[in-house]
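Summary of structural features
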Amino acid sequence: MQHIINSQLICADYEKNYPLIDHGKGVYLYDKEGREYIDVSGCTAAVTHVGHGVEEVSKVLYDQSKKLAVHPTHLFYNEELENYLKNICDFAPAGFNHAWTICGGTEAVENAIKLAYQYQKTKGLNRTKVLARWGSYHGNSLTVLDVGGLKARRSYYTDLMVGHNHVSHCLPYRKPEDQTLKEYEDSLINEFQKEIDNNSEIFCFLAEPFVGAALGAAGPTENYFKRISEICIKHDIVLISDEVMTGFGRTGLKFGMDHFGNYADILCCAKGINSGYFPLGAVIAKDNIYNTLKDSSRPFYSGQTYSCIPLAAAVGNANLEYIKNHSLVENSKNVGQYLKSKLELLKEIPCVGDIRGEGLFLGIEFVSNQKTKAVIEPSLIFNKIVERNAFKEGLITYGCRGTVEYSKGDHMLLAPPLILTSEEADKIYLGLKSAITQGYKEIS
Ligand SMILES: Cc1ncc(COP(=O)(O)O)c(C=O)c1O
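What you see is a predicted model; the values in this text were computed from it and never measured.

Structural notes on the overall build of the protein chain
- Counting secondary structure elements, the protein chain contains 13 helices and 17 strands.
- Each principal axis of the C-alpha atoms in the protein chain carries an extent, and together these give about 65 × 60 × 45 Å.
- Evaluated residue by residue, the protein chain yields a buried proportion of 49% over its 444 residues.

Quick look at the structure:
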């Protein structure tokens, strides 16, 4: 059953009719006609860590909302928040002992930038520019779009932007053919160093450990973050890790940056932090950031109506307990490795160029030629052909583009709930094999 979108909705797509979704259970979603789908993308993109319909989380949402949802924050503190902050700081890497909650990923990134700015300003540094990477999406407010490097999303609003700084992304699969991985890394580090040398107003560097939807779970070269961090320390630049997609076990470790070292100063979290059961985001900061603010006796100059409310904290706590009690970080690692090994087999289809990512954060890049890595003709929008075919196979996937010149190059991001079993991974592999084989026939 297709549903005509009600004209009262400010619409994302005026042409397309969408089927109506009904409910979810575990890794499965069901439409109004009872059709079952595997939520391979994790509700568009990497949200549903604990899966759908989890009683332990939804019960806490109900109970806490009955007890107390919000409170007058100018006069009271709440125990739910206090417990929750302790638990996420315990879950975070060493030295991250202070946190702040908001409603989602964009707000987490924006608040991390504010925190870094206030930290630097308190130390007497009057710097005003953020450095980030082209080809990364960090959120949708005007400031965060400006800081982010996803041209497709930024371009409509560039007249409203102040203009922050950007360097190239790190995408090993697409390094220049004549460079080794080490030479490629060297060239990116040199570019980064030059950008810092030429722009003394930069106060923080923002990056995703693995770039999500924009590049399809692309991790960096081996020593990329180590070397970036050395430059940041030397120039007193705060390193912000955008863990909105990669946090809370998504990549098979607690945080994406854990794969490379404890280099970040601030972590931005959302999505899997609450698996979608209630809007929540958080920034988690290292002690030196917090202590600098505390010693200045100034509060963090931020705060919104729904910052640090008990309802979000209680649900966040239930989500985190579920992740810990069901060993979902380990499951993400193990089943992720298994799924990745199955996806590698898709390379027998001539249009599958690269399989990448860690844990249950995986990407497939499509090409028209596996040797030359030439992109598929952009007007075909191949990623959407595969997405459509996969949908018919009962798989919800997320097709994207932009790995080449930020506008060409098709890929797909896979980020299923972290409760995925190897039997369900087999179903994903078989469905994708059929969807991609069929898609390849359609364009050949
Ligand atoms: C890496 C990353 N950062 C930030 C955001 C923004 O999060 P939100 O949509 O919750 O505002 C996203 C959203 O997809 C993201 O992928």
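Next, the rest of the story.
A closer look at unusual backbone geometry
- With a phi close to 65°, Thr44 is a non-glycine residue in the positive phi region.
- Residue placement: Thr44 occurs in helix α1 (residues 42–46).
- A positive phi angle, near 55°, is found at Asp236, a position not held by glycine.
- By the element assignment, Asp236 lies in the loop between α8 (224–234) and β10 (238–242).

Side note on the domain arrangement of the protein chain
- Assigned domains within the protein chain: domain 1 (2–50 + 327–443) and domain 2 (56–325).
- Summarising the inter-unit geometry, the C-alpha centres of domain 1 and domain 2 are found 25 Å apart.
- Contacts between domain 1 and domain 2 engage 34 residues on the former and 34 residues on the latter.
- Those elements giving two or more residues to the side of domain 1 that touches domain 2 turn out to be α1, α11 (328–344), β13 (352–358), β14 (361–366), β16 (398–404) and β17 (408–414).
- Tallied by class, the residues present in the side of domain 1 that touches domain 2 amount to 19 nonpolar, 10 polar and 5 charged.

Considering helix α4 (residues 105–122)
- The end-to-end C-alpha separation of α4 is 25 Å, in line with the 26 Å expected for 18 residues at 1.5 Å each.
- Counting buried residues along α4, 14 of its 18 residues qualify, which places the element largely inside the surrounding structure.
- Remark: Gly124 follows α4 within two positions and exhibits a positive phi of approximately 95°.

Description of the environment of Cys89
- Positionally, Cys89 belongs in helix α3 (residues 79–91).
- Along the primary structure Cys89 and Ala285 are separated by 196 residues, whereas in three dimensions their C-alpha atoms are 9.0 Å apart.
- Leave out the neighbours within four places in its chain, and Cys89 touches Phe96, Asn97, His98, Ala99 and Ile284.

Quick look at the packing of α4 against helix α9 (residues 287–296)
- At a closest axis distance of 9 Å, the pairing of α4 and α9 adopts a crossing angle of 55°. Taken together, α4 and α9 sit at an angle that is classed as oblique. In terms of crossing hand, the pair formed by α4 and α9 is left-handed. Together, Leu115, Gln118, Tyr119 and Thr122 of α4 and Ile289, Thr292, Leu293 and Ser296 of α9 make up the contact between the two elements.

With respect to the pairing of strand β12 (residues 281–286)
- For β12, a buried count of 6 out of 6 residues is recorded, marking the element as mostly surrounded by other parts of the structure.
- Side-chain alternation along β12 places Gly281, Val283 and Ala285 on one buried face and Ala282, Ile284 and Lys286 on a second face that is also buried.
- Two elements, strand β6 (residues 96–102) and β12, share 6 bridges in a ladder whose sense is antiparallel. Along β12, the bridge assignment pairs Thr101 with Ala282.

Quick look at the nonpolar core
- Among the nonpolar cores identified, the biggest contains 134 residues, and Ile240, Ile266 and Val283 are the most heavily contacted of them.
- A total of 9 residues in this core trace back to one element, the largest contributor, which is helix α10 (residues 310–325).
- Each residue touching Val283, except ones within four places of it in the same chain, is listed here: Ala99, Trp100, Ala108, Asn111, Ala112, Leu115, Ile266, Leu267 and Cys268.

Brief notes about the sheet that holds β13
- With antiparallel pairing, the 4 strands of this open sheet are ordered in space as β13-β14-β17-β16. Lying at the two open borders of the sheet, with one neighbouring strand each, are β13 and β16. Neighbour-to-neighbour, the strand axes of this sheet turn through a mean angle of 30°, independent of strand direction.
- Strand direction decides the pairing type here: β14 and β17, joined by 5 bridges, are antiparallel. Within β17, the residue paired with Gly363 across the bridge is Leu413.

Quick notes on the sheet that holds strand β4 (residues 28–31)
- Ordered in space as β3-β4-β5-β15, the 4 strands form an open sheet in which the pairing is mixed. Two strands lie at the open edges of the sheet, namely β3 (21–25) and β15 (395–396), each paired on one side alone.

Quick notes on the pairing of β14
- In terms of residue burial, β14 counts as a mostly covered element, since 6 of its 6 residues are buried.
- Along β14, one buried face is formed by Phe361, Gly363 and Glu365 and the opposite face, lined by Leu362, Ile364 and Phe366, is buried too.
- Judged from the 6 bridges that link them, β13 and β14 form a sheet pairing that is antiparallel. When the bridges of β14 are listed, Gly357 appears paired with Leu362.

Here we look at the environment of Thr44
- For Thr44, a count of 14 C-beta atoms within 10 Å puts it in the partly exposed group.
- Along the backbone, Thr44 and Asn291 are 247 residues apart, and their C-alpha atoms lie at a distance of 38 Å.

Re the packing of helix α7 (residues 181–198) against α8
- Across the interface, α7 lies against α8 with an axial gap of 10 Å and an inter-helix angle of 20°. The angle between the axes of α7 and α8 places the two elements in the roughly parallel class. Handedness of the α7/α8 crossing: right-handed. Contacts between α7 and α8 pair Glu185, Leu188, Ile189, Phe192, Gln193 and Ile196 from the former with Tyr224, Arg227, Ile228 and Ile231 from the latter.

Here we look at helix α2 (residues 55–67)
- Between its first and last C-alpha atoms α2 spans 18 Å; for 13 residues at 1.5 Å apiece the expected length is 18 Å, and the two agree.
- Looking only at α2, the buried set comprises Val57, Val60 and Gln64. All buried residues of α2 project into a common sector of 60° when viewed along the axis, lining one side. Residues of α2 that are exposed and point over 90 degrees away from its buried face: Glu55, Lys59, Tyr62, Asp63 and Lys66.
- Buried residues along α2 sit in contact with α3 and α10.

Parameters and conventions
- Residues numbered from 1 in each chain as written.
- Predicted model: local features only at pLDDT ≥ 70, side-chain atom pairs only at ≥ 80, totals over all residues.
- Helix = DSSP H or I, 4+ residues; strand = E, 2+ residues; numbered from the N terminus.
- Buried ≥ 20, exposed ≤ 12 C-beta atoms within 10 Å, placed from the backbone.
- Domains from an automatic or database assignment.
- Contact = placed C-beta atoms within 7 Å.
- Nonpolar A, V, L, I, M, F, W, Y, C, P; charged D, E, K, R; others polar.
- Expected span 1.5 Å × (residues − 1).
- Axes fitted to C-alpha atoms, helices over the stretch in contact; angles between N-to-C directions.
- Parallel < 35°, antiparallel > 145°, perpendicular 65-115°, else oblique.
- Left-handed = near helix turned anticlockwise from the far one by under 90°.
- Pairing = 2+ DSSP bridges.
- Core = buried A, V, L, I, M, F, W, Y, C linked by C-beta atoms within 7 Å.
- Arc of directions from axis to C-beta.

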